[in-house]
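Structural overview for review
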Amino acid sequence: MVMAKARAVDGPHQSFRKADIQRRELDKHDVLLEIHYAGICHSDIHTAHGDWGEAHYPLVPGHEIAGIVKEVGSDVTKFQPGDRAGVGCMVESCGSCENCEAGEEQYCLKGNTPTYDGVDKYGEPTQGGYSTHIVVTEDFVLHIPENLPLDAAAPLLCAGITTFSPLNRWQAGPGKKVAVVGLGGLGHMAVKIANAMGADVTVLSQTLNKQDDGLRFGASAYYATKDEETFDTLAGQFDLIINTVSAKININDYLSLLRLDGTLVNVGAPAEPLDVHVFSLIPQRRSFAGSLIGGIHETQEMLDFCAKHEIMPEIEVISADDIDDAYERVQKSDVKYRFVIDTSTL
Ligand SMILES: [Zn+2]
Ligand SMILES: [Zn+2]
């Protein structure tokens, strides 16, 4: 067993406390990762607060994990000690259903095992990246390219792949007009990635407060959605819209911005249903879709893409004692654009 230092919560809306957790003995396919940095994702907050149903407490969140391989099991072939490596939102899947065989482990028909608040194949609760070490089967560990600093690489494991996957699938690229709704942790990555893919990117944000940032990240235009004229001006313009907002918005207004055969993909996950009028879809043969992270192969592709194009999230590195404060600030959208915990402070 490896003892790891961690930060845990014991119930909804409780403060984080120091905790010691056990990581399992290495199986022959396992990798022991010494975690250096862990990003704070909005999902961590929803789970810690029990917003998506009762979580399993004590809970150690964190699924944007970057560090250095310390030890590998006897049959591990893809990693060796000293490698720079990461772990994202899932740590296992069945490996044999049609979706797993297609490399879409996130859509495993038996359900993937989330990095925290899940139960692993040994029946033990999974605990995430707000800790000093984690043990994961090698098939769910990613290589972090040399030119990506570990602190900035961490958020790519969730925010990066969550936006890369739909941009990739719906072929954002030269000649395509892409709109990104919301300029937060996910949105700012969507802008950077879509721009690097060669698409023409527009940001749709409530106000123009972050316009300078949006243009600096690669957007060619920036509109305030509070301004009703925006929806007239941009009607029927976009091939693809990525909605990163996890609050309830009038989705029909946004669907009206799609051109013929355009698609609006939701990666934000509002708790309440959205009211879609079918007549927002029929006249221009529009599609309304959802997307969940990406498969392991695609996650590696995303990391290599970001390394090649030198794309990194904008981060604020914090100490472990600041997690509660960071949660408050994320909920107020007071972060530019992702908090990353320095795990040496655990
Ligand atoms: Zn996440
Ligand atoms: Zn499966």
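Up top you'll find the structure we're talking about.
First, a word on what this report is: a plain description of the structure on this page. Quick caveat, the model's predicted, so the values are computed rather than measured. (Residues numbered from 1 in each chain as written. Chains lettered and ligands numbered in written order. Predicted model: local features only at pLDDT ≥ 70, side-chain atom pairs only at ≥ 80, totals over all residues. Heavy atoms only, no water.)

The subject of this paragraph is the coordination of the zinc ion (ligand 1). Those protein atoms acting as donors to the zinc ion (ligand 1) are Cys-41 (SG), His-63 (NE2) and Cys-158 (SG), and they sit at 2.0 to 2.2 Å. For the zinc ion (ligand 1), all donor residues lie on one chain, and their spacing in sequence is C-x21-H-x94-C. Separated by 22 residues along the polypeptide, Cys-41 in the loop between strand E3 (30-39) and helix H1 (42-48) and His-63 in the loop between H1 and strand E4 (65-72) bring together distant segments of the chain. (Donors = N, O, S within 2.8 Å, 3.2 Å for Na, K, Ca; no water. Helix = DSSP H or I, 4+ residues; strand = E, 2+ residues; numbered from the N terminus.)

For the structure on display, the rule yields five aromatic pairs. For the ring pair Phe-16 and Tyr-327, a centre distance of 5.3 Å and an interplane angle of 80° mean the geometry is edge-to-face. One end of the pair, Phe-16, is in the loop between strand E1 (2-8) and strand E2 (17-23); the other, Tyr-327, is in helix H10 (residues 323-331), with 311 residues separating them in the sequence. Residue classification places Phe-16 among the buried positions, given a relative accessible area of 12%. (Phe/Tyr/Trp six-rings, centres within 6.5 Å; stacked < 30°, edge-to-face > 60°. Buried < 20%, exposed > 50% of the residue type's maximum accessible area, 1.4 Å probe, protein only.)

The end-to-end C-alpha separation of helix H9 (residues 296-308) is 18 Å, in line with the 18 Å expected for 13 residues at 1.5 Å each. Turning to H9, its buried residues number three or more, namely Ile-296, Glu-298, Thr-299, Gln-300, Met-302, Leu-303, Phe-305, Cys-306 and Ala-307. Where H9 is buried, its residues touch strand E6 (90-92), strand E9 (142-143), helix H4 (159-169) and helix H5 (185-197). Once H9 ends, the next one or two residues include Glu-310, with phi positive near 50°. (Expected span 1.5 Å × (residues − 1). Contact = heavy atoms within 4.5 Å.)

Attention now moves to the sheet that holds strand E15 (residues 287-290). Taking strand neighbours across the sheet as the criterion, the six strands line up as E12-E11-E10-E13-E14-E15 in an open arrangement whose pairing is parallel. Every other strand in the sheet has two partners, leaving strand E12 (221-224) and E15 as the edge strands with one partner each. Within the sheet, the average angular offset between the axes of one strand and its neighbour, ignoring direction, is 20°. As judged from the five bridges shared by strand E13 (residues 238-243) and strand E14 (residues 258-266), these two strands associate in the parallel manner. Residue pairing for E14: Phe-238 is matched across the bridge by Leu-258. On the sheet, H4 packs against strand E10 (177-181), E13 and E14 and is oriented at approximately 160° with respect to E13. (Pairing = 2+ DSSP bridges. Axes fitted to C-alpha atoms, helices over the stretch in contact; angles between N-to-C directions.)

In this structure, the amide linkage connecting Tyr-57 to the following residue, Pro-58, adopts the cis form with an omega of -5°. With respect to the secondary-structure elements, Pro-58 resides in the loop between H1 and E4. The step from Lys-336 to Tyr-337 runs through a cis peptide bond, and the omega angle for that step is -10°. The phi dihedral of His-13 falls on the positive side, at around 60°, and the residue is not glycine. Secondary-structure assignment places His-13 in the loop between E1 and E2. Looking at His-13, the relative accessible area reads 59%, which means it is exposed. The phi torsion at Ser-333 lies on the positive side, around 55°, for a residue other than glycine. When you line up the elements, Ser-333 lands in the loop between H10 and strand E17 (338-342). Residue classification places Ser-333 among the exposed residues on the basis of a relative accessible area of 52%.

With that settled, the discussion passes to a nonpolar patch on the surface. There is a patch of nonpolar side chains on the surface, built from Val-278, Phe-279 and Ile-282 and spanning about 340 Å² of accessible area. Note on placement: Val-278 falls in the loop between E14 and E15. (Patch = residues over 30% accessible without salt bridge, like charges linked within 9 Å, V, L, I, M, F, W, Y side chains within 5 Å. Areas by Shrake-Rupley, 256 points an atom, 1.4 Å probe, with all protein chains shown as cover. Salt bridge = Lys/Arg side-chain N within 4 Å of Asp/Glu carboxyl O.)

This part covers a negative patch on the surface. A surface patch of negative charge is lined by Asp-227, Glu-228, Glu-229, Asp-232 and Asp-253. Within the element layout of this structure, Asp-227 appears in the loop between E12 and helix H7 (229-233). (Lys, Arg positive; Asp, Glu negative; His and termini not counted. Charge placed at Lys NZ, Arg CZ, Asp CG, Glu CD.)

Now for the environment of Gly-118. Structurally, Gly-118 can be placed in the loop between strand E7 (113-114) and strand E8 (133-137). Considering only alpha carbons, one finds Gly-118 and Gly-198, 80 residues apart in sequence, at a separation of 38 Å. For Gly-118, the residues in contact, after removing those within four places along its chain, are Glu-124, Pro-125 and Thr-126.

Right, let's talk about the coordination of the zinc ion (ligand 2) for a bit. In this structure, Cys-94 (SG), Cys-97 (SG), Cys-100 (SG) and Cys-108 (SG) serve as the protein donors to the zinc ion (ligand 2), at separations of 2.3 to 2.4 Å. Look at where the donors of the zinc ion (ligand 2) fall in the sequence and you get C-x2-C-x2-C-x7-C. Of this pair, Cys-94 sits in the loop between E6 and helix H2 (98-101) while Cys-108 sits in the loop between H2 and E7, placing them 14 residues apart in sequence. For Cys-108, a relative accessible area of 7% gives the class buried.

Over its 13 residues, H5 runs 19 Å from end to end, which matches the ideal 18 Å to within 8%, given 1.5 Å per residue. Counting buried positions along H5 yields 11 of 13 residues, so the element is predominantly enclosed. Within H5, the full set of buried residues consists of Gly-185, Leu-186, Gly-187, His-188, Met-189, Ala-190, Val-191, Lys-192, Ile-193, Ala-194 and Met-197. In this structure, the buried residues of H5 make contact with H4, E10, strand E11 (200-205), helix H6 (211-216), H9 and E17.

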